[in-house]
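Examination of the molecular architecture
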Amino acid sequence: SQTIHQWPATLVQPVGSPLSLECTVEGTSNPNLYWYRQAAGRGLQLLFYSVGIGQISSEVPQNLSASRPQDRQFILSSKKLLLSDSGFYLCAWRPGKNIQYFGAGTRLSVL
Amino acid sequence: AQTVTQSQPEMSVQEAETVTLSCTYDTSESNYYLFWYKQPPSRQMILVIRQEAYKQQNATENRFSVNFQKAAKSFSLKISDSQLGDTAMYFCAFTYYNYGQNFVFGPGTRLSVLP
């Protein structure tokens, strides 16, 4: 079966520290992968998407970057976190035209 | 650019009652998909129901049904026999048939089911 894993679930980091969030998908190959951010009580903001290894598209200029080192792995990174990077980060994958599935999310608090 | 609007930031309903959440979208295309996702307090995004624009028949999934009005670009969600577990944020979303097109989400409606 196809599943999506995202970790860590919760992260508390000081301002200026690096960030690495990981997302992996099982049971499929060459999935379209997405990173979203959700501020408290708000909607989803698409940050990055990838249609294949090494192929990253950025939707919003910001302090974050993404990489796809393997077919089913998608990483969200930052060299130096800002307070404004706090939020809930969701990874998603799209197995077909008419569906998108989400990971459990990472709650990031930058202090 | 396509947009999705949910005009009701918050709603409440009594347990066992029926509630309707509104969604409108803007597009010049004719082939697309529409979705309702649910995000309970756990914050896991869960697909509730989806509709293909070329299908005139409204989608239904158990207690959840939609009223799809293509000409009006309206896609409302009706929850019948509301349960406490339906308490969540509900997001309306849209994507084109083109596999490369991304999903666009509305701002969400916070639904509280009251005992």
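Residues numbered from 1 in each chain as written. Chains lettered and ligands numbered in written order. Predicted model: local features only at pLDDT ≥ 70, side-chain atom pairs only at ≥ 80, totals over all residues. Heavy atoms only, no water.

1. Quick notes on the overall build of chain A
Counting its secondary structure elements, chain A contains zero helices and 11 strands. Listed by position from the N terminus, the elements making up chain A come as β-β-β-β-β-β-β-β-β-β-β. A compact globule built from 111 residues would reach a C-alpha radius of gyration of about 13 Å, and chain A, at 13 Å, matches this within 12%. For chain A, the spread of C-alpha atoms along the principal axes amounts to about 40 × 30 × 20 Å. Split into buried and exposed, the 111 residues of chain A put 49% on the buried side. If you take every contact in chain A between residues at least 6 apart in sequence, the share linking residues at least 24 apart comes to 52%. When the accessible surface of chain A is summed, it comes to about 5,100 Å², and 52% of that surface belongs to carbon and sulfur atoms. Distance from the positive charge centre (9 side chains) to the negative charge centre (5 side chains) of chain A: 6 Å. (Helix = DSSP H or I, 4+ residues; strand = E, 2+ residues; numbered from the N terminus. Rg over C-alpha atoms; globule rule 2.2 N^0.38 Å. Buried < 20%, exposed > 50% of the residue type's maximum accessible area, 1.4 Å probe, protein only. Contact = heavy atoms within 4.5 Å. Areas by Shrake-Rupley, 256 points an atom, 1.4 Å probe, with all protein chains shown as cover. Lys, Arg positive; Asp, Glu negative; His and termini not counted. Charge placed at Lys NZ, Arg CZ, Asp CG, Glu CD.)

2. A word on the state of the cysteines
Here a disulfide denotes one covalent bond, and it connects the sulfur atoms of two cysteines. The full count for this structure, using the stated rule, is two disulfides over all chains. What pairs with Cys 23 of chain A in a disulfide is Cys 91 of chain A, and their sulfur atoms sit 1.9 Å apart. Because the sign of the S-S torsion sets the handedness, a value of about -75 degrees for the bond joining Cys 23 of chain A and Cys 91 of chain A places this disulfide among the left-handed ones. Note that Cys 23 of chain A is positioned in strand 3 (residues 19-26) and Cys 91 of chain A in strand 9 (residues 87-96), a separation of 68 residues in sequence. The same class applies to Cys 23 of chain A and to Cys 91 of chain A, which are both buried. One disulfide bridge connects Cys 23 of chain B with Cys 92 of chain B, the sulfur atoms lying 2.0 Å from each other. Sign of the S-S torsion, about -70 degrees for the bond between Cys 23 of chain B and Cys 92 of chain B, identifies this disulfide as left-handed. (Disulfide = S-S within 2.5 Å.)

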